[in-house]
Amino acid sequence: MLVIEKMNKTFELGGGTFKRAIRDLDFTAAKGDFVTIVGSNGAGKSTLLNLIAGVYAPDSGNISISSTNITNLPEYKRAKYIGRVFQDPMMGTAGSMSIEENLAMSIKRGEKRGLKLGVNGRREQFRTVLKRLDLGLENRLKDQVRLLSGGQRQALTLMMATLTAPEVLLLDEHTAALDPKTAARIIELTKEIVSDNQLIVLMVTHNLQQALELGNRTIMMHDGEIVLDLFGPERENTSVDSLLEAFSRVKKERFLDDRALLA
């Protein structure tokens, strides 16, 4: 399980001003939960993912994965528990390294990695993994990643993030920068990988319809808090309009996110 208890995070903006990004947040997700995360601008969605990944340290509170407290672990030591895919396809891979070198590096996530990546003996495994993408990358193992298109690179990043089956997968708008056809393929691949490995998934998206259709649970954040948590029949019977209405009832204000409303 992923358990977050009473987590707080405040950023200093300068000039004596502060932004409380996460407020006394409690959250629990079990193995196999696929949680989509939506929220208004500045709601704390990406901050939440960064706190789980170890990019930021919380001001207070605890984070644990399968009873292991990771609150004070540095980002690189959390890597064996957590996979992550960013919005930018350029992040998550090393462009000057080959496809097979990137995959070899991802296998050693959370371990000490020397100059020798151990590509030999793994090429057939890599070809099998890449063939699943249906992008022809299994025939380009020695090509540098910088030569790939954005969609190809994002697909590779997703495979790298899940190659060793982490317990938690963080997806930060991982299809937002892709064309519709490629984005649809990445979403299908995401669902397949999650189903096969029963991962805990937290996926930030600005597409409210997508948030209600993917996974088994949707949370809405606002001002650093979880204001709605939908699952089961309640989520199945929720439309985008009723989701926005529920937000207005809870927070007594309109949902403000142009990207989400236009998606």
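These notes cover the structure that comes with them. (Residues numbered from 1 in each chain as written. Predicted model: local features only at pLDDT ≥ 70, side-chain atom pairs only at ≥ 80, totals over all residues. Heavy atoms only, no water.)

**Describing the sheet that holds strand S6 (residues 82-85)**
Where we set the bar: At least two bridges found by DSSP between two strands are what make those strands a pair. Helix and strand definitions here come from DSSP, where helices need a minimum of 4 consecutive H or I residues and strands a minimum of 2 consecutive E residues; each element is numbered from the N-terminal end. Here the axes come from fitting lines to C-alpha atoms, over the contacting stretch only for helices, and the angles between their N-to-C directions go from 0 to 180 degrees. Residue contacts follow a heavy-atom distance rule, with two residues in contact if any of their heavy atoms lie within 4.5 Å.
Read across the sheet, six strands follow the order S6-S7-S8-S3-S9-S10 without closing on themselves; strand pairing throughout is mixed. Of all the strands in the sheet, the pair left with one neighbour each is S6 and strand S10 (225-231). Direction aside, neighbouring strands of the sheet carry axes that sit 20 degrees apart on average. Here S6 pairs with strand S7 (residues 168-172) via four bridges, running parallel. Following the sheet pairing, Ile-82 is matched in S7 by Val-168. Strand contacts of helix H5 (residues 150-162): S6 and S7, with the helix running at about 175 degrees to S6, the strand carrying the most contacts.

**Examining the sheet that holds strand S4 (residues 60-65)**
The strand order across the open sheet formed by four strands is S2-S1-S4-S5, and the pairing between neighbours is antiparallel. Only two strands of the sheet have a single neighbouring strand rather than two, namely strand S2 (17-29) and strand S5 (68-69). Relative to S4, strand S1 (residues 2-14) runs antiparallel, the two sharing five bridges. If you follow Asn-8 over to S4, its bridge partner there is Ser-60. Lying over the sheet, helix H1 (residues 45-53) contacts S1, S2 and S4, oriented at roughly 115 degrees with respect to S1.

**As for the environment of Ser-149**
We count it as follows: Think of it in three bands: residues with accessible area under 20% of the maximum for their type are buried, residues over 50% are exposed, and the middle band is partly exposed, with areas taken using a 1.4 Å probe on protein chains only.
Within the secondary structure, Ser-149 is located in the loop between helix H4 (123-131) and H5. Classification of Ser-149 as partly exposed rests on a relative accessible area of 37%. In this structure the C-alpha to C-alpha distance between Ser-149 and Met-90, which are 59 residues apart in sequence, comes to 9.8 Å.

**Observations concerning the packing of aromatic side chains**
Cut-off, in case you're wondering: Two aromatic rings, drawn from Phe, Tyr or Trp (for Trp, its six-membered ring), form a pair once their centres lie within 6.5 Å of each other, and the interplanar angle then sorts them: stacked below 30 degrees, edge-to-face above 60, tilted otherwise.
The tally for this structure, following the rule as stated, stands at one aromatic pair. Note on Phe-11 and Tyr-56: the rings are 5.0 Å apart at their centroids and 70 degrees apart in plane angle, and the pair reads as edge-to-face. Of this pair, Phe-11 sits in strand S1 while Tyr-56 sits in the loop between H1 and S4, and the two are 45 residues apart along the sequence. Judged by relative accessible area, which is 23%, Phe-11 ranks as partly exposed.

**A short note on the pairing of S4**
Bridging between S4 and S5 involves two bridges; their strand directions are antiparallel. Each residue of the ladder has a partner; that of Ser-64, found in S5, is Asn-69.

**Some remarks on the environment of Leu-135**
The topology assignment puts Leu-135 in the loop between H4 and H5. What makes Leu-135 partly exposed here is its relative accessible area of 34%. Along the chain, Leu-135 and Gly-215 lie 80 residues apart, while their C-alpha atoms are 25 Å from each other. Ignoring anything within four residues of it in the chain, the contact list for Leu-135 reads Gln-152 and Ala-155.

**A few points about the nonpolar core**
This is how the line gets drawn: Note on terminology: a nonpolar core comprises buried Ala, Val, Leu, Ile, Met, Phe, Trp, Tyr and Cys residues joined through side-chain atoms within 4.5 Å.
In this structure, Ile-99, Leu-103, Leu-130, Leu-156, Leu-158, Leu-169 and Val-201 are the most contacted members of the largest nonpolar core, which totals 35 residues. Listing elements by their share of this core, those giving two or more residues are helix H3 (99-107), H4, H5, S7, helix H6 (180-197) and strand S8 (200-204). Ranked by size, the runner-up nonpolar core spans 27 residues in total, among them Val-35, Ile-37, Ile-52 and Ile-63.

**Some remarks on unusual backbone geometry**
Look at Ser-66: it is not a glycine, yet its phi comes out positive at around 50 degrees. In this fold, Ser-66 is placed in the loop between S4 and S5. Although it is not a glycine, Ser-67 adopts a positive phi angle of roughly 70 degrees. Tracing the chain through its elements places Ser-67 in the loop between S4 and S5.

**Topic: H4**
In plain terms, the rule: By definition, the arc is the one covered by directions from the helix axis to the C-beta atoms.
Among the residues of H4, those classed as buried are Phe-126, Val-129 and Leu-130. The buried residues of H4 all sit within an arc of 95 degrees when viewed along its axis, so they share a single face. Exposed residues on H4 whose side chains face more than 90 degrees from its buried face are Glu-124, Thr-128 and Lys-131. The elements touched by buried residues of H4 are H3 and H5.

**Describing the pattern of salt bridges**
Note that side chains of opposite charge can pair when their charged atoms are close. Put simply, the test is: By definition, a salt bridge exists where a carboxyl oxygen of Asp or Glu is found within 4 Å of a side-chain nitrogen of Lys or Arg.
Tallied over the entire structure, the rule returns 16 salt bridges. The partner of Lys-142 in a salt bridge is Glu-100, and the shortest N-O contact between them spans 3.2 Å. Taken together, the residues Lys-142 in the loop between H4 and H5 and Glu-100 in helix H3 connect sequence positions 42 residues apart. With relative accessibility at 60%, the residue Lys-142 sits in the exposed group. Arg-127 is the partner of Glu-124 in a salt bridge, and the nearest nitrogen-oxygen pair spans 2.8 Å. Within this pair, Glu-124 and its partner Arg-127 are both found in helix H4, separated by three residues, close to a single helical turn. By relative accessible area, which is 31% here, Arg-127 ends up partly exposed.

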